[in-house]
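# A closer look at the structure
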There are 2 protein chains.
Amino acid sequence: MTTDASSGPPRLVRTIAELRALLGAHRRQGHRIGFVPTMGYLHAGHVALMTEARARTDVVVVSIFVNPTQFAPNEDLAVYPRDLPRDLAACAGAEVAYVFHPDVAEMYPSPGATVVQVPSLSRGLCGRSRPSHFAGVCTVVSKLFNIVQPDVAVFGQKDYQQLAVIRQMVRDLDFPVEIVGEPTMREADGLAMSSRNGNLTPETRQQALVLSRGLFAARDRFLAGERDQAALCAVIEDTLRSAPLVVIDYIEVVDADSLEAMPEQLADRAVIAIACKVGPTRLIDNILLDAAQAPGATP
Amino acid sequence: MTTDASSGPPRLVRTIAELRALLGAHRRQGHRIGFVPTMGYLHAGHVALMTEARARTDVVVVSIFVNPTQFAPNEDLAVYPRDLPRDLAACAGAEVAYVFHPDVAEMYPSPGATVVQVPSLSRGLCGRSRPSHFAGVCTVVSKLFNIVQPDVAVFGQKDYQQLAVIRQMVRDLDFPVEIVGEPTMREADGLAMSSRNGNLTPETRQQALVLSRGLFAARDRFLAGERDQAALCAVIEDTLRSAPLVVIDYIEVVDADSLEAMPEQLADRAVIAIACKVGPTRLIDNILLDAAQAPGATP
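Residues numbered from 1 in each chain as written. Chains lettered and ligands numbered in written order. Predicted model: local features only at pLDDT ≥ 70, side-chain atom pairs only at ≥ 80, totals over all residues.

## Here's the deal with the domain arrangement of chain A
Residues and elements named next belong to chain A. Domain boundaries in chain A define domain 1 (4–182) and domain 2 (195–293). Using only C-alpha atoms to locate each centre, domain 1 and domain 2 end up separated by 26 Å. Between domain 1 and domain 2, the residue contacts involve 16 residues of the former and 13 residues of the latter. Counting residues per element, the ones that place at least two in the side of domain 1 that touches domain 2 are α6 (126–129) and α8 (160–173). In the side of domain 1 that touches domain 2, the residues fall into nine nonpolar, five polar and two charged. (Domains from an automatic or database assignment. Contact = placed C-beta atoms within 7 Å. Helix = DSSP H or I, 4+ residues; strand = E, 2+ residues; numbered from the N terminus. Nonpolar A, V, L, I, M, F, W, Y, C, P; charged D, E, K, R; others polar.)

## Remarks on the pairing of strand β6 (residues 152–156) of chain B
All names here are of chain B. The element β6 is extensively covered by neighbouring structure, given that four of its five residues are classed as buried. Relative to β6, strand β2 (residues 33–38) is paired through two bridges, and the arrangement is parallel. What sits directly across from Gly34, in β6, is Val152. Tracing the backbone out of β6, into helix α8 (residues 160–173) and back to the parallel element strand β7 (residues 178–182) gives a crossover that is right-handed. (Buried ≥ 20, exposed ≤ 12 C-beta atoms within 10 Å, placed from the backbone. Pairing = 2+ DSSP bridges. Right-handed = clockwise from strand over helix to strand, strands pointing away.)

## With respect to the sheet that holds strand β4 (residues 98–100) of chain B
Residue and element names in this part refer to chain B. The strand order across the open sheet built from six strands is β1-β4-β3-β2-β6-β7, with neighbouring strands paired in parallel fashion. Two strands lie at the open edges of the sheet, namely β1 (11–13) and β7, each paired on one side alone. Mean inter-strand twist for the sheet, computed between neighbouring axes without regard to direction, equals 25 degrees. Across five bridges, β6 lies against β7 in parallel orientation. Looking at β7, one finds that Val154 is bridged to Val180. (Axes fitted to C-alpha atoms, helices over the stretch in contact; angles between N-to-C directions.)

## Some words on the interface of chain B and chain A
Across the contact, 23 residues belong to chain B and 23 residues belong to chain A. Counting residues per element, the ones that place at least two in the side of chain B that touches chain A are β5 (115–117), α5 (119–122), α7 (133–148) and α8 of chain B. Classifying every residue of the side of chain B that touches chain A by side-chain character gives twelve nonpolar, eight polar and three charged. Here strand β5 (residues 115–117) of chain A runs beside β5 of chain B; their pairing, made up of three bridges, is antiparallel. Bridge pairing links Val115 of chain A to Gln117 of chain B in β5 of chain B.

## Here we look at the relation of the copies chain B and chain A
Both copies of the chain are related through a single rotation about an axis accompanied by a shift along the same axis. Under the fitted operation, chain B is carried onto chain A by 0.0 Å of movement along the axis and a turn of 180 degrees, and the coordinates agree to an RMSD of 0.0 Å. Expressed as a symmetry operation, the mapping of one chain copy onto the other fits a two-fold axis. In terms of proximity to the rotation axis, the leading residue of chain B is Val116 of chain B, whose C-alpha is 2.2 Å off the axis. (Least-squares fit on C-alpha atoms with pLDDT ≥ 70 in both.)

## Here's the deal with the nonpolar core
Counting 166 residues, the largest nonpolar core has Ile272 and Ile274 of chain A together with Val61, Ile272 and Ile274 of chain B as the members making the most contacts within it. When neighbours within four sequence positions are excluded, Val61 of chain B is seen to be in contact with Ile33, Phe35, Ala97, Tyr98, Phe100, Val148 and Pro150 of chain B. (Core = buried A, V, L, I, M, F, W, Y, C linked by C-beta atoms within 7 Å.)

## With respect to unusual backbone geometry
Residues and elements named next belong to chain A. A positive phi angle is found at Glu95, which is not glycine, with a value near 60 degrees. In this fold, Glu95 is placed in the loop between α3 (84–93) and β4 (98–100). Glu95 sits in the buried class, given 20 other C-beta atoms within 10 Å.

## A look at the sheet that holds strand β7 (residues 178–182) of chain A
Hydrogen bonding along the main chain pairs the strands of a sheet, whether they run parallel or antiparallel. All names here are of chain A. In spatial order, the strands read β1-β4-β3-β2-β6-β7; together these six strands make up an open sheet with parallel pairing. One side of each edge strand has no neighbouring strand; the edge strands of this open sheet are β1 (11–13) and β7. Neighbouring strand axes in the sheet, compared pairwise and without regard to direction, differ in orientation by 25 degrees on average.

## Quick word on helix α11 (residues 229–241) of chain B
Residues and elements named next belong to chain B. Its 13 residues give α11 an end-to-end C-alpha distance of 18 Å, which sits within 8% of 18 Å, the value for a rise of 1.5 Å per residue. When α11 is considered as a whole, its buried residues turn out to be Leu232, Val235, Ile236, Thr239 and Leu240. Along the axis of α11, the buried positions cluster into a sector of 130 degrees, meaning they face one direction only. Away from its buried face, by an angle of more than 90 degrees, α11 presents the exposed residues Ala230 and Asp238. (Expected span 1.5 Å × (residues − 1). Arc of directions from axis to C-beta.)

Laid out in structure tokens, this is it:
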């Protein structure tokens, strides 16, 4: 279905009240609403999420909000990259109808007293070094879902833990929203696309390649039959340690759905997730280990 | 506006999917939806909530669900009073369109991992002796709001802390729901209506009268000019102690909105909230102190 809302540049909306009024009119016309929540500085990975949302719905809303409550005081809120004009152009190219770009006072007129969290999925992986991060994510996504009331929301698998947490939250709280996860987009040289790549220097950009290189190497070993968790992690660790500006936060092998730790000898499916500081910039990446993808695997 | 849905007895709905389908059809017709969440064993206080919801909306949904996650293991989940046929009759008399009565497996198909809470408002008063209670309330009300997607939800002021917590949660999470609080309904002798009154014996029913009697006495002293918190609490405590089967949990004077503690010398507005065990049954009650209600007060 084509609607007027998705031709031409997106409309920039800064208040909850205006967005609700605009979307209410669409809803009354029977339009389905797609939603892509972002923190801006959009790249081709975000565009793929928007394209997927547009394919599934009539009206796509992209939020651009660098949410302060998911950053700890020692983290990179102040230097998180921002470029609204470029973001609006990216949204225009993806037939986005509305860009919701509230300021902090619009989203948090007073300090919020309410917290939404999924403790069991938020303790490991990034949650270990960012203990309040996923509560901030769940709370702001709950707010955005209640503001946009989308039929479909699309998230990237690059933030693998975030997607798992959101899926669990939506299931547990009965949000009437279909959650779609999209594969990680990578640069030609393998680097996972991330807004934070905008903070890399030529030197750290080059060293950051060890993340994807290590994951690909481990996946290849897995597909060749290696099932020993320690051996797979050692492949990654060796690769990461070859780059002097890279400091490892974690390398973890977890269940693809529950994010729980896996036995030392893996079965046929798992995820390896990693996080590193590359100079001052924290980057994450992950890869699915799936024996069904091995050459000659029975489909 | 009169709709078919509100004539005749309410339709009993036991699954989320069926309720969503029914309410989706109303929404497409432009009907506004009112919601009264309850744990059943309905009394005239509940009926007043339904009547208020009906006056404000086209289609009223009452949920009857004794939510296990808001009871601690030592509490009265097993003996909470239940009477579905009588409840359905009460709903029919109040033009309720749908009674949503899911079983526990429908609401919690797996143990929920997600928690919604308002810690700052949940620590005092009932939260002190029921530390996990309001997280259970906020989580199930979030679920119910996402299932029913009401325009208006009506709660009783008898559960004063619950109403304050829900208001804060709705504000913080941007739920698109108008929250309406309705005054406490009382029996002719002053006892606040409560489903738990169904568990009183003639003897404990008689002794339970000290709750409202103490609150009324304190309110009268306040309206006569008494502003000393300790003096007002002493009036209540003396009254409660006159009943040998009554064990005081708390008597607290708090800000009517923030639920924060008040200075020893009160200003012109506060709430006194109390909780007691009367035999094995835990009862709560509260009263608004408002100098504007004093005889001769400037309106």
